[in-house]
Amino acid sequence: MKPYVFVLGIVFLVAACSTQKSAINKHQSITVEKVAEDSVEYDVETFDARFESWYKMNDNPALYRSQQYYEMWNQQYINAWNLNAMNPRKSWFFEPVIGYEPTVNYGFEMNHKLFSYFQYVENVLKIEIMSNGPNSVKH
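Residues numbered from 1 in each chain as written. Predicted model: local features only at pLDDT ≥ 70, side-chain atom pairs only at ≥ 80, totals over all residues. Heavy atoms only, no water.

Novice: Please give an account of helix α2 (residues 67-85) that cites residues and values.
Specialist: With 19 residues, α2 extends 26 Å from end C-alpha to end C-alpha; this agrees with the ideal 27 Å at 1.5 Å per step. Those residues of α2 that fall on the buried side of the exposure criterion are Gln 67, Tyr 69, Tyr 70, Trp 73, Asn 74, Tyr 77, Ile 78, Ala 80, Trp 81, Asn 82, Asn 84 and Ala 85. On its buried side, α2 packs onto α3 (108-123). (Helix = DSSP H or I, 4+ residues; strand = E, 2+ residues; numbered from the N terminus. Expected span 1.5 Å × (residues − 1). Buried < 20%, exposed > 50% of the residue type's maximum accessible area, 1.4 Å probe, protein only. Contact = heavy atoms within 4.5 Å.)

Novice: Break down the confidence of the model for the chain for me, with residues and values.
Specialist: Put simply, the chain has an average pLDDT of 72, and 68% of its residues get 70 or more. In the model, residues 1-37 has pLDDT below 50 throughout and makes 81 contacts with residues more than four positions away in sequence or in other chains. (pLDDT = per-residue confidence, 0-100.)

Novice: Outline the packing of aromatic side chains, supporting the account with residue identities and numerical values.
Specialist: Both the distance between ring centres and the angle between the ring planes are used here to describe each pair of aromatic rings. What the rule picks out here adds up to 22 aromatic pairs. Between the aromatic rings of Tyr 42 and Tyr 106, the centroid separation amounts to 4.7 Å while the plane-to-plane angle is 80°, which identifies the pairing as edge-to-face. Here the residue Tyr 42 occupies a position in the loop between β2 (30-35) and α1 (49-58), and Tyr 106 occupies one in the loop between α2 and α3, the gap between them amounting to 64 residues. The cationic tip of Arg 65 hangs over the ring face of Tyr 69; the distance from NZ or CZ to the ring centre is 4.8 Å. (Phe/Tyr/Trp six-rings, centres within 6.5 Å; stacked < 30°, edge-to-face > 60°. Lys NZ or Arg CZ within 6 Å of the ring centre and 35° of its normal.)

Novice: Residues and numbers for the packing of α2 against α3, please.
Specialist: Contact pair α2 / α3: the axes reach a minimum separation of 9 Å and the direction vectors enclose 50°. For the element pair α2 / α3, the angle class is oblique. Both α2 and α3 take part in a crossing whose hand is left-handed. Here α2 contributes Gln 67, Tyr 69, Tyr 70, Glu 71, Trp 73, Asn 74, Tyr 77, Ile 78 and Trp 81 to the contact with α3, which in turn contributes Phe 108, Asn 111, His 112, Leu 114, Phe 115, Tyr 117, Phe 118, Gln 119 and Glu 122. For the contact of α2 with α3, the per-class residue count stands at 11 nonpolar, five polar and two charged. (Axes fitted to C-alpha atoms, helices over the stretch in contact; angles between N-to-C directions. Parallel < 35°, antiparallel > 145°, perpendicular 65-115°, else oblique. Left-handed = near helix turned anticlockwise from the far one by under 90°. Nonpolar A, V, L, I, M, F, W, Y, C, P; charged D, E, K, R; others polar.)

Novice: Tell me about the packing of α1 against α3, and please be specific about residues and values.
Specialist: Contact pair α1 / α3: the axes reach a minimum separation of 11 Å and the direction vectors enclose 110°. In terms of axis orientation, α1 runs roughly perpendicular to α3. Crossing angle aside, the handedness with which α1 passes α3 is right-handed. For the pair α1 and α3, contact is made by Arg 50, Phe 51, Glu 52, Trp 54 and Tyr 55 and by His 112, Lys 113, Ser 116, Tyr 117 and Tyr 120, respectively. Residue composition of the contact of α1 with α3, grouped by class: five nonpolar, two polar and three charged.

Take a look at the structure:
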């Protein structure tokens, strides 16, 4: 296996749900009932235990931004990531190519976690994804 295989397989786990679920709006701490009939849930899978523990330790709701903020940065990071994945000199880390549709609503949690992963790669692993990213170290 290649060193640090962080298969950022933005593997979108498709789970068909047929029951009601409670969704928590982290910005306002209000519980909202959402009918999840035939819904799709998305998640970020990194296969990197160090990221998972870093994420749990650094996930601070006081530092959260809006979903639109995360979507904007994620689109830029994904474009840069995919360009790096196609570069033979950098592809050792930037595999696989990430599929992300800007018209799909992946939800706050998935966008936040994905943004956090990009921050982890740049600030903890010290691997530059793009040169003009946000100045925020954590979120």
